[in-house]
Amino acid sequence: MKASTLVLILATTLAIGAAVLPWPGERATPTQRVIHVNARQFAFDPPRLHVNRGDQVTLVLHATDVVHGLYLDGYDVNLKAVPGISAQATFVADRAGKFRYRCSVSCGSLHPFMIGELVVGPNTLLWRAIALTTIAATGALAFLYTRSREVAR
Ligand SMILES: [Cu+2]
């Protein structure tokens, strides 16, 4: 392997790392979000919510046909909305991960399938770990390679 190839690999790896790693100060600042969820037989719209960790989230549940509920796992949020009368709850999304929400009012035959998902992220920890490991491994290999060439001379 040529030294130039090695430098290219190293540069590419560092570039990927730089792209993946958030720069200091660029971290997403917690914001206030108001999310409207429409419940109908037998689905939530939207079925998937995405917020950033630390956001103050206000969930507003609207029932469009019959009475529906929304119970959010992990955050202990439980709403019950009547058609025309929405319900809301505010919480801080301080736990990262995926949390199911389901209808908490028996609203019909397919009621158990009224499920949605709240994603609290972004989960950058894994990618940061992978990027850092790759940079470290590439650096170590480059060091060993150049050193072995020097010894051979
Ligand atoms: Cu329901």
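The structure we're discussing is the one just above.
Residues numbered from 1 in each chain as written. Predicted model: local features only at pLDDT ≥ 70, side-chain atom pairs only at ≥ 80, totals over all residues. Heavy atoms only, no water.

Draft legend 1. Broad picture of the overall build of the protein. A tally of regular secondary structure across the protein gives two helices and nine strands. Element order for the protein, N to C, with α for helix and β for strand: α-β-β-β-β-β-β-β-β-β-α. When each of the 153 residues of the protein is scored for burial, the buried share is 29%. Contacts in the protein between residues at least 24 apart in sequence constitute 63% of all its contacts with a sequence separation of at least 6. (Helix = DSSP H or I, 4+ residues; strand = E, 2+ residues; numbered from the N terminus. Buried < 20%, exposed > 50% of the residue type's maximum accessible area, 1.4 Å probe, protein only. Contact = heavy atoms within 4.5 Å.)

Draft legend 2. Main features of the side chain of H111. For H111, the location among the structural elements is in the loop between β8 (97–102) and β9 (115–121). One polar contact links the side chain of H111 to the main-chain carbonyl oxygen of V105, over a distance of 2.9 Å. Filtering out sequence-adjacent residues up to four positions away, H111 remains in contact with F42, C103, S104, V105 and S106. (Polar contact = N/O pair within 3.5 Å; in protein donor to acceptor, adjacent residues only side chain to side chain.)

Draft legend 3. Here's a closer look at the coordination of the copper ion. On the protein side, the copper ion has H68 (ND1), C103 (SG), C107 (SG) and M114 (SD) as donor atoms, found 2.1 to 2.7 Å from it. Each of the four donor atoms around the copper ion contributes to a set of angles spanning 90 to 137°, which defines the coordination as irregular. As a motif over one chain, the donors of the copper ion read H-x34-C-x3-C-x6-M. Comparing C103 with C107, the two get one shared label, buried. (Donors = N, O, S within 2.8 Å, 3.2 Å for Na, K, Ca; no water. Tetrahedral: all angles 85-135°; square planar, octahedral: opposite > 155°, others 65-115°.)

Draft legend 4. Highlighting the pattern of salt bridges. Tallied over the full model, the rule gives three salt bridges. Here D55 makes a salt bridge to R33, at a shortest N to O gap of 2.3 Å. Placement of D55 in the loop between β3 (48–52) and β4 (56–63) and of R33 in strand β1 (residues 32–40) is noted, with a sequence separation of 22 residues between them. On the basis of relative accessibility, which here comes to 26%, the residue R33 falls in the partly exposed class. A salt bridge links R102 to D73; its shortest N-O distance comes to 3.0 Å. A residue pair is termed long-range when its members are at least 10 positions apart, and R102 in strand β8 and D73 in the loop between β5 (68–72) and β6 (77–81) qualify at 29 residues. On the basis of relative accessible area, D73 is assigned to the partly exposed category, the value being 25%. (Salt bridge = Lys/Arg side-chain N within 4 Å of Asp/Glu carboxyl O.)

Draft legend 5. Region of the structure containing the environment of T90. As for its placement among the helices and strands, T90 is situated in strand β7 (residues 87–92). Each C-alpha atom of the pair T90 and Q32 lies 9.7 Å from the other, and the pair is 58 residues apart in sequence. If we ignore the near neighbours within four places in the chain, the residues touching T90 are Q56, V57 and T58. Engagement of the side chain of T90 in a polar contact is seen with the side chain of T58, the distance being 2.9 Å.

Draft legend 6. Fine view of the sheet that holds strand β2 (residues 43–45). The mixed open sheet is built from four strands, whose spatial order is β2-β1-β4-β7. Two strands lie at the open edges of the sheet, namely β2 and β7, each paired on one side alone. Taking each pair of neighbouring strands and ignoring which way they run, the sheet shows an average axis angle of 25°. In this sheet, β7 lies alongside β4 in antiparallel orientation, the contact comprising six bridges. By the bridge assignment for β7, T58 is matched with T90. (Pairing = 2+ DSSP bridges. Axes fitted to C-alpha atoms, helices over the stretch in contact; angles between N-to-C directions.)

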